[in-house]
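Here's the letter readout for the chains.
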Amino acid sequence: MSLGKENKQRRYDLAYLRMAREWAKLSHCVRKQVGALIVRDNMIVADGYNGTPSGFSNACENDGGETHWYVLHAEANAITKLARSTHGAAGATLYITMSPCRECAKLILQSGIVRVVYESAYKDVEGLDFLEKAGVALELLPLFPDQPSTK
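Just so you know, these numbers come straight off a predicted model, no measurement behind them.

Enquirer: Describe the confidence of the model for the protein, and please don't skip the residues or the numbers.
Expert: Averaged over the protein, the pLDDT score is 92; the fraction of residues at 70 or greater is 93%. With pLDDT under 50 throughout, residues 147–151 is counted as low confidence; its partners more than four residues away or in other chains account for 8 contacts.

Right under this line is the structure:
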């Protein structure tokens, strides 16, 4: 890729991550708010944020502050939205504010996503290790590089 194309791609990567960050603000979760966008052929084909399934209370945590088991992660929400649409994820890039967990990494691979750009690393890096072994391109791209890359 030429330097001009690399700079253009970097600008788009940063813009999509900023959009994913804005999408994360829609989450009702208290502990963590995570946003995701799936982009294919320069078009956003799905979006998601962490939260409860449709029809459930928006409360992500119980009174003790623990996350309910049924809360969907942002990338899982985006992938399931995509499954209900006429679009597909084959060859797409996932932009996400926090790297995927192990369970979501399996969904990412099976959906055909080939690249994951994330703003910060999740505490458990097994999802990233899995995707790397599977040949999915990974890129940590902090929006504010002077911030720590983990939350």
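Moving on from the coordinates now.
Enquirer: Before we move on, can you summarise the pattern of salt bridges with the specific residues and values?
Expert: A full pass over the atoms with the stated rule returns 10 salt bridges. E139 is the salt-bridge partner of R10, the closest N and O atoms lying 2.8 Å from each other. Of this pair, R10 sits in helix α1 (residues 3–24) while E139 sits in strand β5 (residues 137–140), and the two are 129 residues apart along the sequence. On the basis of relative accessible area, R10 is assigned to the partly exposed category, the value being 41%. We note a salt bridge from K25 to E22, for which the minimum N-O separation is 2.8 Å. The network of salt bridges with common partners includes R10, D13, R115 and E139.

Enquirer: An account of the layout of surface pockets is requested, with residue identities and associated values reported.
Expert: What the largest pocket holds in volume is close to 400 Å³. What lines the largest pocket is a set of 20 residues, and nearest its centre among them are K32, N50, T67, H73 and Y122. Mapped by element, the contributors of at least two residues to the lining of the largest pocket are α2 (74–83) and β3 (93–98). Classifying every residue of the lining of the largest pocket by side-chain character gives 10 nonpolar, 5 polar and 5 charged. Estimated volume of the second largest pocket: approximately 340 Å³. Among the elements of the structure, β2 (43–49) and α2 are those that each provide at least two residues to the lining of the second largest pocket. Sort the elements by how many residues they give to the lining of the second largest pocket and α2 lands first, with 3 residues.

Enquirer: Outline the packing of helix α3 (residues 102–111) against helix α4 (residues 126–133), supporting the account with residue identities and numerical values.
Expert: Following both chains from N to C, one finds α3 and α4 inclined at 25°, their axes separated by 7 Å at the closest point. The angle between α3 and α4 places the two elements in the roughly parallel class. Classified by chirality, the crossing of α4 by α3 is right-handed. Residues R102, A105, K106, I108 and L109 of α3 touch α4, and the partners they reach there are E126, G127, F130 and L131. Considering only residue class, the contact of α3 with α4 consists of 5 nonpolar, 1 polar and 3 charged.

Cut-offs used in this document
Residues numbered from 1 in each chain as written. Predicted model: local features only at pLDDT ≥ 70, side-chain atom pairs only at ≥ 80, totals over all residues. Heavy atoms only, no water. pLDDT = per-residue confidence, 0-100. Contact = heavy atoms within 4.5 Å. Salt bridge = Lys/Arg side-chain N within 4 Å of Asp/Glu carboxyl O. Helix = DSSP H or I, 4+ residues; strand = E, 2+ residues; numbered from the N terminus. Buried < 20%, exposed > 50% of the residue type's maximum accessible area, 1.4 Å probe, protein only. 1 Å grid on protein atoms, 1.4 Å probe; cavity = no way out; pocket = protein on both sides within 12 Å on 5 of 7 lines; lining within 4 Å. Points joined across faces, edges and corners; volume = space filled by probe spheres on them. Nonpolar A, V, L, I, M, F, W, Y, C, P; charged D, E, K, R; others polar. Axes fitted to C-alpha atoms, helices over the stretch in contact; angles between N-to-C directions. Parallel < 35°, antiparallel > 145°, perpendicular 65-115°, else oblique. Left-handed = near helix turned anticlockwise from the far one by under 90°.

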